[in-house]
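# Structural description and commentary
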Amino acid sequence: MKVSKSMLRLVSAVALACSIVVATAVAQMPNPYGPPIGVDNAKKAAAPAIAEAMKNKWTVAVAIVDPDGVLVYYEKMDNTQVGSADIAIEKARTATRFKRPTKALQDALAAGGAGLRILGLPGVVPVEGGFPLVMDGKIVGAIGVSGMASDQDSVCAKAGADSIK
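Cut-offs applied
- Residues numbered from 1 in each chain as written.
- Predicted model: local features only at pLDDT ≥ 70, side-chain atom pairs only at ≥ 80, totals over all residues.
- Heavy atoms only, no water.
- Axes fitted to C-alpha atoms, helices over the stretch in contact; angles between N-to-C directions.
- Helix = DSSP H or I, 4+ residues; strand = E, 2+ residues; numbered from the N terminus.
- Left-handed = near helix turned anticlockwise from the far one by under 90°.
- Contact = heavy atoms within 4.5 Å.
- Nonpolar A, V, L, I, M, F, W, Y, C, P; charged D, E, K, R; others polar.
- Salt bridge = Lys/Arg side-chain N within 4 Å of Asp/Glu carboxyl O.
- Buried < 20%, exposed > 50% of the residue type's maximum accessible area, 1.4 Å probe, protein only.
- Phe/Tyr/Trp six-rings, centres within 6.5 Å; stacked < 30°, edge-to-face > 60°.
- Lys NZ or Arg CZ within 6 Å of the ring centre and 35° of its normal.
- pLDDT = per-residue confidence, 0-100.
- Pairing = 2+ DSSP bridges.

## Thoughts on the packing of helix α2 (residues 39–55) against helix α5 (residues 150–162)
At a closest axis distance of 7 Å, the pairing of α2 and α5 adopts a crossing angle of 145 degrees. As α2 packs across α5, the resulting crossing turns out to be right-handed. Side by side, α2 and α5 meet where A45, P48, A49, E52 and A53 of the first sit next to V155, C156, A159 and G160 of the second. Per-class residue counts for the contact of α2 with α5 are 7 nonpolar, 1 polar and 1 charged.

Laid out in C-alpha cells, this is it:
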C-alpha cells in the first residue's frame, strides 16, 4: 500500500495533537503543598458536596484527606453503596498525591497511547470525582466523592472544592 506524503503529514499532525492533549490533561497543578486541612475546614468542604447530592437526590460518600492522603473527614449518606466508601477516599488520595483532579487522569487514560501508563502507577484511581483543595494558593488536601456515576460524583466534589479558599 502506497501512502502519500500528505497522508503521512496528517497522521503525524494528529499524533502530535493527541500527545499534546494527553500531556496537558495530566499536568500537575503548580501549587505547592501547604499545611494540612483541619477538621473544621474539611467539614466546610464536605457540606456543599453533600448539599449538592441531596439537591439531586443522589446518595454519596465524601472523603477529605490531607496532602499526604491521610483521612481527615468522612461522611456517607444513608443508602450509599458500601463500595463507595473506599472509592471516595482513594479518589481524594489520588487528587492530592498527584496534584490534579482525577478527571485529568481519567481523560489521559481514555486517550490511550502513553495515557495507558497510568494503569501502572500505584495508588491511582483515574475516575472523575476527586479534586485538590487549595487554600491561600497551596494544596491543603483533597476531596473525593463516590456513589453515583463519576460525572455526578464530580459535580458534588467540585461544589466542595470550590467552597474552600
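On we go from here.
## Some words on the pattern of salt bridges
Tallying each qualifying case throughout the model produces 5 salt bridges. Residue R93 pairs with E90 through a salt bridge whose shortest N-O separation is 2.9 Å. Here R93 and its partner E90 are both found in helix α3 (residues 84–97), 3 residues apart, which amounts to about one turn of the helix. Between D153 and K91 there is a salt bridge, with the nearest N and O atoms lying 2.9 Å from each other. A residue pair is termed long-range when its members are at least 10 positions apart, and D153 in helix α5 and K91 in helix α3 qualify at 62 residues. As far as burial versus exposure is concerned, D153 and K91 are alike and both buried.

## As for the packing of aromatic side chains
On inspection of all chains with the given rule, the structure shows 0 aromatic pairs. Across the ring face of Y33, the terminal group of K99 is positioned such that the distance to the ring centre comes to 4.9 Å.

## Some points on the confidence of the model for the protein
Of the residues in the protein, 84% have a pLDDT of 70 or more, and the chain-wide mean is 89. Contacts from residues 10–25, a stretch scored under 50 in pLDDT, to residues over four places away or in other chains number 4 contacts.

## Comments concerning the sheet that holds strand β2 (residues 71–76)
Across the sheet, 4 strands lie side by side as β2-β1-β4-β3; this open sheet has antiparallel pairing. Of all the strands in the sheet, the pair left with one neighbour each is β2 and β3 (130–135). Sheet twist, expressed as the average angle between the axes of neighbouring strands with direction ignored, equals 20 degrees. Pairing analysis gives 5 bridges linking strand β1 (residues 61–65) to strand β4 (residues 138–146), with the strands arranged antiparallel. By the bridge assignment, V65 is partnered in β4 with A142.

## Observations regarding the pairing of β3
Summarising burial for β3: 5 of the 6 residues are buried, a large majority. Of the pairings in the sheet, the one linking β3 to β4 comprises 6 bridges and is antiparallel in character. If you follow P132 over to β4, its bridge partner there is A142. The antiparallel hairpin formed by β3 and β4 contains 2 residues in its connecting segment, where D136 sits at a positive phi of about 50 degrees.

## Here's the deal with the environment of G38
By the element assignment, G38 lies in the loop between α1 (5–25) and α2. For G38, a relative accessible area of 33% puts it in the partly exposed group. For the pair G38 and V65, spaced 27 residues apart in sequence, the C-alpha separation works out to 9.6 Å.

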